[in-house]
Amino acid sequence: MYPLSPKSERLRELYWRSEILRAVYWLRGEGYGDVVDADLVEQCLGLDAASGRQHLDRMVDDGLLVRDGAWYALSSRGLQEGEEEFATAFSDLLKPAVAECGPECWCRMSPDEAEACAGSRARQVAP
Amino acid sequence: MTDVRIDADNTATTARADDVALPRHYLRPCLLLLLAEGPSHGYDLLDQVRRLGIRAAEPGGLYRYLRLMEKEELVRSWWEPSQAGPARRTYVLTDTGKRALDDAARSLQNVRRILIGLLDRYESLEDDAATVA
């Protein structure tokens, strides 16, 4: 159904979390607004709205988004995380964005390796 | 109005434009051309895509198609900070993208040649009808 997403449930959750965050930041950066709903996530990512809603709700639970009815917006923590993850990465054009590793990247082999890869990339962008 | 649908296989289908059928995958050469003209951002690309005939193109569909093109290594992008607002994603064409644009242009030239042939015959038909009348 989603050929590019990892097969492991935990990795798949991390994958969609990163993809959703990236789409939210993209829409925000282009001036299309600060909120998304499951339908907009589906348009952006091809993730069916029911699954998208589940991921969005988990991101609310994790403190990255806040929910107002059917709409979701970045929380202050989500905003800060995004700025750290995305905005400081501009100077190195070859540096991948979050979860932008190729499908063969070692980080897709297990949740532990995914966390190690994400940690490694976070250290690279730290000021 | 035009419907740009992203199919299950991640291909875009341009269904209608003011009741004029556009070529299948028309969004692809549009984006390749626009990025061949220079680096750009999502908002500007959406505006230009609409001017090229895909009037009902939406941000979500554009985002998804750009993401697909990035995975195909046709375009490259990065976050660019702004003094006035949030960071924006800047897109540029890769060498692979330039070759894809050349291929798309050749394909469209073939379509144009075929359509001109058809229209020439249609106009001859009208001329013949006028002569008989």
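As a reminder, the structure under discussion sits directly above these lines.
Scope of this entry: the structure provided in the associated data block. (Residues numbered from 1 in each chain as written. Chains lettered and ligands numbered in written order. Predicted model: local features only at pLDDT ≥ 70, side-chain atom pairs only at ≥ 80, totals over all residues.)

For the rest of this paragraph, the subject is the overall build of chain B. Assigned secondary structure in chain B consists of four helices and four strands. The buried share of chain B, taken over its 133 residues, is 32%. Long-range contacts, defined as pairs at least 24 residues apart, comprise 46% of the intrachain contacts of chain B with a sequence gap of at least 6. (Helix = DSSP H or I, 4+ residues; strand = E, 2+ residues; numbered from the N terminus. Buried ≥ 20, exposed ≤ 12 C-beta atoms within 10 Å, placed from the backbone. Contact = placed C-beta atoms within 7 Å.)

What follows is about the environment of Ser 82 of chain B. Residues and elements named next belong to chain B. With respect to the secondary-structure elements, Ser 82 resides in the loop between strand S3 (75-80) and strand S4 (88-93). The spacing of Ser 82 and Val 92 is ten residues in sequence and 18 Å in space, taken between C-alpha atoms. The residues touching Ser 82, leaving out its near neighbours within four places in the chain, are Ala 87 and Arg 88.

Attention now goes to the nonpolar core. Within the largest apolar cluster, 44 residues are counted, with the highest numbers of intra-cluster contacts made by Ile 20, Ala 23, Val 24 and Val 41 of chain A together with Leu 31, Val 49 and Leu 62 of chain B. Those elements that place two or more of their residues in this core are helix H1 (9-29), helix H2 (38-45), helix H3 (49-61) and strand S3 (71-74) of chain A together with helix H1 (27-36), helix H2 (42-51), helix H3 (59-71) and S4 of chain B. Considering each element in turn, this core owes the most residues, ten residues, to H1 of chain A. With near-sequence residues (within four places) excluded, Val 41 of chain A lies in contact with Ile 20, Ala 23, Val 36, Leu 47, Gly 52 and Leu 56 of chain A. (Core = buried A, V, L, I, M, F, W, Y, C linked by C-beta atoms within 7 Å.)

A few words on the packing of H1 of chain A against H3 of chain A. Residues and elements named next belong to chain A. At their nearest, the axes of H1 and H3 sit 10 Å apart, and the two run at 85 degrees to each other. Between H1 and H3, the interaxial angle falls into the category roughly perpendicular. Judged by residue contacts, Glu 13, Trp 16, Arg 17 and Ile 20 of H1 engage His 55, Leu 56, Arg 58 and Met 59 from H3. Along the lines of polarity and charge, the residues of the contact of H1 with H3 split into four nonpolar, one polar and three charged. (Axes fitted to C-alpha atoms, helices over the stretch in contact; angles between N-to-C directions. Parallel < 35°, antiparallel > 145°, perpendicular 65-115°, else oblique. Nonpolar A, V, L, I, M, F, W, Y, C, P; charged D, E, K, R; others polar.)

Residues and elements named next belong to chain A. Looking at the element boundaries, Met 59 is found in helix H3. Distance in space between the C-alpha atoms of Met 59 and Asp 48 is 17 Å, their sequence separation being eleven residues. If sequence neighbours within four positions are ignored, Met 59 has contacts with Arg 17, Ile 20, Leu 64 and Leu 65.

Every contact between the two is made by 18 residues of chain B and, on the other side, 18 residues of chain A. At the level of secondary structure, the elements contributing two or more residues to the side of chain B that touches chain A comprise H2, H3, S3 and S4 of chain B. In terms of residue count, the dominant contributor to the side of chain B that touches chain A is H3 of chain B (five residues). Residues of the side of chain B that touches chain A, tallied by class, amount to nine nonpolar, four polar and five charged.

In this section: H2 of chain A. Most of H2 of chain A sits inside the fold, with six of its eight residues counted as buried. Along H2 of chain A, the residues that are buried comprise Ala 38, Leu 40, Val 41, Gln 43, Cys 44 and Leu 45 of chain A. Looking at the buried residues of H2 of chain A, the elements they touch are H1, strand S1 (35-36) and H3 of chain A together with H3 of chain B.

Without other data, these values stay purely geometric and don't point to any function.
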